[in-house]
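Take a look at the letters that make up each chain.
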Amino acid sequence: MSLTLHRLTVADARPEIGGEAKSIEFDIPPALGAEFTWKAGQHVTISIRLKGREYRRSYSITNPPGESLRVTVKRVRNGMVSNHLVDRLQTGDRVDVTRPYGEFVLRPAPQGRRTHYFFGAGSGITPLYAMARTVLRDEPFSYAHLILGNTDRQRILFYEEAQRLHRRHANRCTVRHILSSPRFLDGAVSWRKGRIDLGALKSLFSETPPVAQDVHYWICGPASMNDDLSRALGMLDVPGSRIHSESYGYATPHAIDAAGVDSTGSVTLDGHRTTLAVSARQTFLQAARQAGLQPPFSCESGVCGACRARLHSGDVHHRRQMALDERDVARGYVLTCQAVPASPAFDLTYDV
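Just so it is clear, the model here is predicted, and its values are computed rather than measured.

The rules we used
- Residues numbered from 1 in each chain as written.
- Predicted model: local features only at pLDDT ≥ 70, side-chain atom pairs only at ≥ 80, totals over all residues.
- Heavy atoms only, no water.
- Helix = DSSP H or I, 4+ residues; strand = E, 2+ residues; numbered from the N terminus.
- Rg over C-alpha atoms; globule rule 2.2 N^0.38 Å.
- Buried < 20%, exposed > 50% of the residue type's maximum accessible area, 1.4 Å probe, protein only.
- Lys, Arg positive; Asp, Glu negative; His and termini not counted.
- Charge placed at Lys NZ, Arg CZ, Asp CG, Glu CD.
- pLDDT = per-residue confidence, 0-100.
- Contact = heavy atoms within 4.5 Å.
- Pairing = 2+ DSSP bridges.
- Salt bridge = Lys/Arg side-chain N within 4 Å of Asp/Glu carboxyl O.
- Axes fitted to C-alpha atoms, helices over the stretch in contact; angles between N-to-C directions.
- Parallel < 35°, antiparallel > 145°, perpendicular 65-115°, else oblique.
- Left-handed = near helix turned anticlockwise from the far one by under 90°.
- Nonpolar A, V, L, I, M, F, W, Y, C, P; charged D, E, K, R; others polar.
- UniProt positions renumbered as here; feature names shortened; annotations may be inferred.
- Polar contact = N/O pair within 3.5 Å; in protein donor to acceptor, adjacent residues only side chain to side chain.
- Expected span 1.5 Å × (residues − 1).

## Looking at the overall build of the protein chain
A tally of helices and strands in the protein chain yields seven helices and 19 strands. Against the 2.2 N^0.38 benchmark of 20 Å for 352 residues, the protein chain shows a C-alpha radius of gyration of 21 Å, consistent with a compact globule. With the principal axes as the frame, the protein chain shows a C-alpha extent of 60 × 50 × 40 Å. Per-residue burial over the protein chain gives 54% buried out of 352 residues. For the protein chain, the distance from the average position of its 44 positive side-chain charges to the average position of its 35 negative side-chain charges is 3 Å.

## A few points about the confidence of the model for the protein chain
Model confidence for the protein chain is summarised by a mean pLDDT of 93, while 96% of its residues fall at 70 or above. pLDDT under 50 marks residues 250–255. Its contacts with residues more than four places away, or in other chains, come to eleven contacts.

## Things to note about the pairing of strand 2 (residues 21–27)
Buried residues dominate strand 2, accounting for five of its seven residues. Where strand 1 (residues 5–16) meets strand 2, seven bridges bridge the pair, whose relative direction is antiparallel. When the bridges of strand 2 are listed, Asp12 appears paired with Glu25. Here strand 1 folds back onto strand 2 in antiparallel fashion, the turn holding four residues, of which Ile17 has a positive phi close to 35°. Here strand 2 pairs with strand 5 (residues 69–74) via six bridges, running antiparallel. Its bridge partner lying in strand 5, Lys22 is registered against Val73.

## Details of the pattern of salt bridges
Within the structure shown, the criterion is met by 19 salt bridges. Across the pair Glu139 and Arg114 runs a salt bridge whose closest N-O atoms are separated by 2.3 Å. You can see Glu139 sitting in the loop between helix 2 (125–138) and strand 8 (143–150) and its partner Arg114 sitting in strand 7 (residues 114–121), a full 25 residues away along the chain. Notably, a salt bridge pairs Arg308 with Asp328, separated by 3.4 Å at the nearest N-O pair. Within this pair, whereas Arg308 is found in strand 15 (residues 308–313), its partner Asp328 is found in helix 7 (residues 326–330), the two being separated by 20 residues in sequence.

## Quick notes on the packing of helix 2 against helix 3 (residues 159–168)
Where helix 2 meets helix 3, the closest approach of the two axes is 12 Å, and the angle between their N-to-C directions is 15°. Considered as vectors, helix 2 and helix 3 are oriented roughly parallel to each other. As for how helix 2 packs across helix 3, the hand of that crossing is left-handed. In this structure, helix 2 contributes Tyr129, Arg133 and Leu136 to the contact, and helix 3 contributes Glu161, Ala162 and Leu165. Residue classes in the contact of helix 2 with helix 3 are distributed as four nonpolar, no polar and two charged.

## Topic: the sheet that holds strand 7
By way of backbone hydrogen bonds, the strands of a sheet pair with one another, either parallel or antiparallel. The six strands lie next to each other as 10-9-8-7-11-12, forming an open sheet whose pairing is parallel. Edge positions in the sheet fall to strand 10 (192–193) and strand 12 (243–248), since each of these pairs with one other strand and no more. Where strand 11 (residues 214–222) and strand 12 come together, six bridges link them in parallel fashion. Each residue of the ladder has a partner; that of Trp218, found in strand 12, is His244. Where helix 5 (residues 223–235) meets the sheet, its contacts fall on strand 7, strand 11 and strand 12, and the angle it forms with strand 11 comes to roughly 150°.

## Thoughts on the UniProt feature "domain: FAD-binding FR-type" (unreviewed entry) in the protein chain
Within this numbering scheme, the UniProt entry marks residues 3–107 as carrying the feature "domain: FAD-binding FR-type" (unreviewed entry). Structurally, residues 3–107 comprises 9% helix and 44% strand, and the distance from its first C-alpha atom to its last is 22 Å.

## A short note on the side chain of Gln338
Relative to the elements of secondary structure, Gln338 occurs in the loop between strand 17 (333–335) and strand 18 (339–341). A distance of 3.2 Å separates a polar side-chain atom of Gln338 from the backbone oxygen of Glu300. Not counting chain neighbours up to four residues away, the residues in contact with Gln338 comprise Thr283, Glu300, Ser301, Gly302, His317, His318, Arg319 and Arg320.

## Quick word on helix 2
Between its terminal C-alpha atoms helix 2 stretches 19 Å, which fits the 20 Å expected from 14 residues at 1.5 Å a residue. Every buried residue of helix 2 is accounted for by Ile125, Thr126, Pro127, Leu128, Tyr129, Ala130, Met131, Ala132, Arg133, Thr134, Val135 and Leu136.

## Quick notes on the environment of Gln111
You can see Gln111 is positioned in the loop between strand 6 (94–98) and strand 7. Residues Gln111 and Pro140, spaced 29 residues apart in sequence, show a C-alpha to C-alpha distance of 7.8 Å.

## Overview of the environment of Thr91
Locating Thr91 in the fold gives a position in the loop between helix 1 (80–88) and strand 6. Owing to a relative accessible area of 46%, Thr91 belongs among the partly exposed residues under this scheme. Between the alpha carbons of Thr91 and Phe26 there is a distance of 9.2 Å; along the sequence they are 65 residues apart. Apart from residues no more than four positions distant in its own chain, Thr91 is found in contact with Val10, Ala11, Asp12 and Ala13.

Next comes the structure, spelled out in structure tokens:
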């Protein structure tokens, strides 16, 4: 299914953490109300044109379902899109935005009694904050624990909001900050110094053990952190089915130089089947766009998963595949922005 762009008006654009980030709320017209519904943890893609070229980036929705559509953009060094949005975007501007999507999703269980641990680093708090608020609002018998890693107090997104959340739900919510390079006055804020690692997990579970057998662990940060934390949880006998993660950034500094083969096959998009030729050095996304198709895509770096499609037959090589976990791969999903053909024929379907 294509990710159609809709022109939305910015209802509010508010600086965060000293101008290093910006929270952006969009006005959703009634006619698009059904299109812009979401589940906690999902994201949207923003498209902007800079110097005559279109750029697309995905940003997590930071409010729970039913509230205003808000994303928070954190400045990235040398990042054209993030710096433009943080420095230039103002209330009243018009921006092209896709409907919400994504598989990193928390589905509330109103009658359930669950414990949720949310581990985030830097801007990884953005989907987790929506998830934690959803738990506290829609799961009255469940518990939410936020464990957030940052460099120092000045880099913590939603610090005051998270503190208010804790005070409002003190019997069901805790917030812990781990600072890697705390400043002199950050001691009152920091729970621990360092990073979210095995030692931090042991301390966390000792201080705040699960109050229910139904326990879930949600992780959002750089891919290397997600991998390390998943392994640490495994060392504590946490089953993989209870661990849910989403990455940003790259696990390795360079993509794998995957070699492909010339291939011809079929692509199904929005119910329409098209024959597509893909050269050995092309990704499926590049070939589809060159052929005039309009498949969904966003970051084009293997992070967001917007370009995900299901491979029914054929083989591929991935340059990067951070947006896919082992379960996705087992179900036949590929990232068309990173996959090159590894067989002379293929059949894939976009069903985002």
